[in-house]
Amino acid sequence: MNRLRVTPGPVLTLTAVWLITRALMLWLLAHGGFRLLGGGSVAREVWRLYSHWYGVLAHGSFPVHDTLWQYPPGAGAVLLAPGLLPGLTYFEAFVLLTLAMDALTVAALLRAGTRPGRSLLGAALWTGGLPLLLHLPLARYDVQVTALAVLSLLASARSPRAGGVFGALGALVKVWPALVLLGTPRGRPTRTAWAWAVWTGGACLALLAACFAHPLSFLREQGGRGVQIESLGGTALNLARRAGWPGRARYQYGAMEMVGPHVHTVATASLALTAVSFGLLVLWRVRARHWTEATPYDAALSAVLLFTVTSRVISPQYMVWLIGLAAVCLTSRHTSQRPVAVLVLAASALSTVVFPMYYREVIDGTWAGVLLMLARNGLLTAAAVLSFARLWRAARPPAGKSAPTTQPRPGSDRLPERALSLS
């Protein structure tokens, strides 16, 4: 059997690029006080908010009656982790751990990309795509969450158990990684992955509940969120401001949100669109007949894109998730999501222009701010629609061919290149 041999040259090149770009991101973080870099607002989340929560968690309780605490209990473990590194400030330890998880992610993508028949494009996309967000990824814990989602997808091919465990851990930290299990092949792989995810999630939740008080306090605050100015609904309302709508942007629930007439209607519409997206994904799952090694990856990216664009909130760090999932897709030569990955990169670059560079324009609802948001959210919407359309088409057997009933070999990291009928 012919096997592709990957020379060490590309791997060494990507490693060097990772080191250079991360050094640049650290430099930007250290000089984040410049106006175009946010005037210090990017790093403030860590040394002010995360550090405060660390103090609360260290006393054995999740934040209570804190409108900014809107995260599942697993986030507490991530925010407590910097305390394990002695001799460093909380900020320094947090950034160091974020870089470590970034390195783990690129290592996993490199390992996947060097297998026979795979591609290093995924590792290249993560390495070069993350710096498009400047220093923001180093000052949010979304890199850690994305790393768990990436590990879940890459591990599922060989071990559905491991995929389920990593998916559950990610969901406990920030919910959305549960979506990465959507595309697991039908039958035993799905049952195994979801069973291990449920048991892992339940066990970890019970452990956190035993160690900390008020583990579900985030539910009260999460339900009160409104329409963030960077969401599709917020962009529509900002555009309406230019036509005379009397609303405005106000800081609440940890974000700049729109307040004024009809905001509740827009929020309800967003929730309805999210429900429709979920229905479409379920319909795809039921009707899918053609599975390749890339199908779980493609389904994960499509699902997270749909839930992102229909959300009431689209924070700039959400782009970290999409870059990571697009990178996993590109590790496979069978992915249907290559054009989607390009759109994700373009949207990420525009997100940086929006925040931190010209965020004041967006808050004030100027034409510059409105046009920036229309462009960024237009790209995200196009990516979501294109992603699902390509996922749907890829799920149909090739014309004139019937799908064999062969299941992947136990422990195999690849599914057959031909169509699979997975009962």
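Residues numbered from 1 in each chain as written. Predicted model: local features only at pLDDT ≥ 70, side-chain atom pairs only at ≥ 80, totals over all residues. Heavy atoms only, no water.

Novice: Just give me the short version of the packing of helix α11 (residues 263-287) against helix α16 (residues 367-394), but keep the residues and values in it.
Specialist: Each pair of packed helices gets described by two things: the angle between the helix axes and the distance between those axes. Look at α11 against α16: their axes get within 10 Å of each other, and the N-to-C directions meet at 15°. Considered as vectors, α11 and α16 are oriented roughly parallel to each other. In this structure, α11 meets α16 at a crossing whose hand is left-handed. Each of L280, L281, L283, W284 and R287 in α11 lies in contact with α16, whose residues at this interface are F388, L391 and W392. Class assignment for the residues of the contact of α11 with α16 results in seven nonpolar, no polar and one charged. (Axes fitted to C-alpha atoms, helices over the stretch in contact; angles between N-to-C directions. Helix = DSSP H or I, 4+ residues; strand = E, 2+ residues; numbered from the N terminus. Parallel < 35°, antiparallel > 145°, perpendicular 65-115°, else oblique. Left-handed = near helix turned anticlockwise from the far one by under 90°. Contact = heavy atoms within 4.5 Å. Nonpolar A, V, L, I, M, F, W, Y, C, P; charged D, E, K, R; others polar.)

Novice: Would you mind going over a nonpolar patch on the surface in detail, with residue names and values included?
Specialist: A contiguous nonpolar surface patch, about 370 Å² in accessible area, is contributed by L239, W367, L371 and L374. Among the elements that make up the nonpolar patch, the one with the highest residue count is α16 (three residues). Structurally, W367 can be placed in helix α16. (Patch = residues over 30% accessible without salt bridge, like charges linked within 9 Å, V, L, I, M, F, W, Y side chains within 5 Å. Areas by Shrake-Rupley, 256 points an atom, 1.4 Å probe, with all protein chains shown as cover. Salt bridge = Lys/Arg side-chain N within 4 Å of Asp/Glu carboxyl O.)

Novice: Tell me what's going on with the confidence of the model for the protein chain, and back it up with residues and numbers.
Specialist: Fine structural detail should not be taken from predicted coordinates in areas where pLDDT scores are low. Chain-level statistics for the protein chain give a pLDDT mean of 90 and a share of 91% at 70 or above. Low confidence marks residues 403-423, where pLDDT is under 50. Its contacts with residues over four positions away, or in another chain, come to 49 contacts. (pLDDT = per-residue confidence, 0-100.)

Novice: Before we move on, can you summarise the environment of G378 with the specific residues and values?
Specialist: Summarising the element assignment, G378 is placed in helix α16. Taking the C-alpha atoms as reference points, G378 and A347, separated by 31 residues in sequence, lie 8.6 Å from one another.

Novice: Can you break down the pairing of strand β1 (residues 248-252) residue by residue, with the values?
Specialist: Note that β1 and strand β2 (residues 255-259) share five bridges and pair antiparallel. Within β2, the residue paired with A249 across the bridge is M258. Connecting β1 to the antiparallel partner β2 that follows it, the hairpin turn spans two residues, and Y253 within it adopts a positive phi of roughly 55°. (Pairing = 2+ DSSP bridges.)

Novice: I'd love a proper account of the pattern of salt bridges, names of residues and values included.
Specialist: Under the definition given, this model contains five salt bridges. Residue R118 pairs with E293 through a salt bridge whose shortest N-O separation is 3.6 Å. With R118 in the loop between α4 (90-113) and α5 (121-129) and E293 in the loop between α11 and α12 (295-309), the pair connects residues that are 175 residues apart, well separated along the chain. The pair R118 / E293 is uniform in exposure class, with both members buried. The shortest N-O distance in the salt bridge between D142 and K174 comes to 2.7 Å. In this pair, D142 sits in helix α6 (residues 142-156) while K174 sits in helix α7 (residues 160-174), placing the two residues 32 residues apart along the sequence. (Buried < 20%, exposed > 50% of the residue type's maximum accessible area, 1.4 Å probe, protein only.)

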